[in-house]
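# Summary of structural features
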Amino acid sequence: MRRFEGRAALITAAGSGVGLGVALRLAGEGAAVTVWDRDADALAGAEAAAAERGLEVGTRAFDMTDGGAIARAVETLHAERGRIDVLVNNIGGSLHTPFRFLDQSDEDWERVMAVNVAACVRTTRAVLPHMVAAGYGRIVNMGSKAGRYGSLFAGANYVAAKGAMQALTLQIAQEFGPHGITCNAVCPGAILTPRVRGLLAERQTPETRAGVLQSIPVRRHGEVEDVAAAIAYLASEEAGFVTGASLDVNGGQSMAI
Ligand SMILES: NC(=O)c1ccc[n+]([C@@H]2O[C@H](COP(=O)([O-])OP(=O)(O)OC[C@H]3O[C@@H](n4cnc5c(N)ncnc54)[C@H](O)[C@@H]3O)[C@@H](O)[C@H]2O)c1
């Protein structure tokens, strides 16, 4: 499929992990993809991964906790590409803060809210005027199974932050639908990136992990490609009648526990 021919897509914090999978998927379908990340080595790896597939991705290295840097990066991107059709607000994570609510400090909350919510709000605020001017846009927010049903290994700060992203999705969808812009969230269960493998090994016993697997109807954990496929659909032109949705990408796990 070449659903993104002539489209420009921005995917945040996508030098590695889920975001990189999304970047490769959209580039593979013809999008002019730009990837942001604070880790220059990860961005070099993303460029190499794209090149291996005969693709190209544009990159920009900066820390997205800097709101001014986000605004500048959006303006540069728009000047370079002349358009921003797709925004995937991928940045987020539990930042290895404690699992238990009573062990979490104000700083744990502030850091997690900063990357999962504030960075996405600022990016969306900078990108939306360009989408409104074009009369077209697809925004996909990264929610989580955690934000819908709670988490077995990430704490309350992360759960609340993802819940906020899912709620924000509803309001952006309502406000900008009349401008040809859709906004949806994907809500993955555990996706086996190297980081998540490490976190599961640290916070769950082998017995617990086996039990969790039994609670997933499709009897496997998610892969980056599972999330990329869901995002590619929501980011495509053909998904124009789907907005304000939170799409579970969790093998049915939410039905079972
Ligand atoms: N992996 C999962 O199991 C899973 C499940 C549900 C939802 N999610 C969500 O998917 C998204 C991606 O998750 P992941 O596991 O691939 O992430 P990750 O922790 O592997 O990070 C991906 C990239 O983000 C970059 N990054 C981190 N902080 C940054 C900052 N301040 N500025 C710029 N770049 C920064 C890192 O350098 C890294 O390359 C997150 O929003 C996460 O909450 C992940």
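Residues numbered from 1 in each chain as written. Predicted model: local features only at pLDDT ≥ 70, side-chain atom pairs only at ≥ 80, totals over all residues. Heavy atoms only, no water.

We now examine the overall build of the protein. When helices and strands are tallied, the protein shows 10 helices and 7 strands. The principal-axis extents of the C-alpha atoms in the protein amount to approximately 50 × 40 × 40 Å. For the protein, buried positions account for 50% of its 257 residues. Residue pairs at least 24 apart in sequence account for 75% of intrachain contacts in the protein once pairs closer than 6 positions are excluded. In the form shown here, the protein has an accessible surface area of approximately 11500 Å², with 54% of it arising from carbon and sulfur atoms. Looking at charge distribution, the protein has the averaged site of its 24 positive side-chain charges lying 4 Å from that of its 27 negative ones. (Helix = DSSP H or I, 4+ residues; strand = E, 2+ residues; numbered from the N terminus. Buried < 20%, exposed > 50% of the residue type's maximum accessible area, 1.4 Å probe, protein only. Contact = heavy atoms within 4.5 Å. Areas by Shrake-Rupley, 256 points an atom, 1.4 Å probe, with all protein chains shown as cover. Lys, Arg positive; Asp, Glu negative; His and termini not counted. Charge placed at Lys NZ, Arg CZ, Asp CG, Glu CD.)

On to helix α4 (residues 106-134). Compared with an ideal rise of 1.5 Å per residue, which puts 29 residues at 42 Å, α4 spans 40 Å between its outermost C-alpha atoms and is within 8% of the ideal. Positive backbone phi, approximately 70°, marks Gly135, located one or two places after α4. (Expected span 1.5 Å × (residues − 1).)

With respect to burial, strand β2 (residues 32-37) is a largely interior element, 5 of its 6 residues being buried. Here 4 bridges tie strand β1 (residues 8-11) to β2, and the two strands are oriented parallel to one another. Looking at the pairing, Leu10 lines up with Thr34 of β2. Between the parallel pair β1 and β2, the chain is carried across by helix α1 (residues 17-28), and the sense of this crossover is right-handed. In the sheet, β2 pairs with strand β3 (residues 57-61) via 5 bridges, with the strands oriented parallel. Residue pairing across strands places Val33 opposite Val57, the latter belonging to β3. Of the crossover connections in this fold, the one passing from β2 over helix α2 (residues 40-52) to the parallel β3 is right-handed. (Pairing = 2+ DSSP bridges. Right-handed = clockwise from strand over helix to strand, strands pointing away.)

Time to look at the side chain of His130. Take His130: it is sitting in helix α4. Residue His130 is classed as buried on the basis of its relative accessible area, which comes to 18%. Not counting residues up to four positions away in its chain, the partners in contact with His130 are Val74, Glu75 and His78.

Further remarks concern the layout of surface pockets. If you add up the space inside the largest pocket, you get close to 1300 Å³. Residue lining of the largest pocket: 50 residues in total, with Gly92, Gly93, Ser94, Arg195 and Val196 positioned closest to the centre. Put simply, the parts of the chain that give the lining of the largest pocket at least two residues each are α1, α4, α5 (145-149), α6 (156-176) and α7 (194-203). It is α7 that provides the largest number of residues to the lining of the largest pocket, a total of 7 residues. Looking at side-chain class alone, the lining of the largest pocket contains 22 nonpolar, 19 polar and 9 charged residues. (1 Å grid on protein atoms, 1.4 Å probe; cavity = no way out; pocket = protein on both sides within 12 Å on 5 of 7 lines; lining within 4 Å. Points joined across faces, edges and corners; volume = space filled by probe spheres on them. Nonpolar A, V, L, I, M, F, W, Y, C, P; charged D, E, K, R; others polar.)

Per the counting criterion, the structure on display carries 2 aromatic pairs. Here the aromatic rings of Trp36 and Phe62 are separated by 4.9 Å at their centres, their planes lie at 70°, and the arrangement is edge-to-face. Within this pair, whereas Trp36 is found in strand β2, its partner Phe62 is found in the loop between β3 and α3 (67-81), the two being separated by 26 residues in sequence. Relative to Trp109, the ring of Phe101 has its centre 6.4 Å away and its plane inclined at 90°; by these criteria the two rings are edge-to-face. Assessed through its relative accessible area of 53%, Phe101 is described here as exposed. (Phe/Tyr/Trp six-rings, centres within 6.5 Å; stacked < 30°, edge-to-face > 60°.)

Around the ligand, the structure places 27 residues, and the nearest of them are Asp37, Asn90, Tyr158, Ile191 and Arg195. Between the ligand and Asn90, the relevant distance is 2.7 Å, taken from an oxygen atom to a main-chain nitrogen or oxygen of the residue. Notes on the ligand: free accessible area 840 Å², of which the protein chains cover 90%. Assessed atom by atom at 2 Å from the grid points, the ligand resides in the largest pocket. Broken down by class, the residue content of the shell around the ligand amounts to 11 nonpolar, 10 polar and 6 charged. (Near = heavy atom within 4 Å. Polar contact = N/O pair within 3.5 Å; in protein donor to acceptor, adjacent residues only side chain to side chain. Sits in = over half its atoms within 2 Å of the grid points.)

Generally speaking, a soluble globular protein has its nonpolar side chains buried in company with each other. If you look at the biggest cluster of nonpolar residues, it comprises 34 residues, and the most contacted ones within it are Ile11, Val22, Leu26, Val33, Val186, Val227 and Ile231. At the level of elements, β1, α1, β2, α2, β4 (86-89), β5 (137-142) and α9 (224-234) are the ones that each hand at least two residues to this core. Those residues within four positions of Val22 in sequence are excluded, and the remaining contacts are Ile11, Val88, Ala228 and Ile231. Counting 26 residues, the second largest nonpolar core, distinct from the first, contains Phe62, Leu128, Met131 and Ile181. (Core = buried A, V, L, I, M, F, W, Y, C linked by side-chain atoms within 4.5 Å.)

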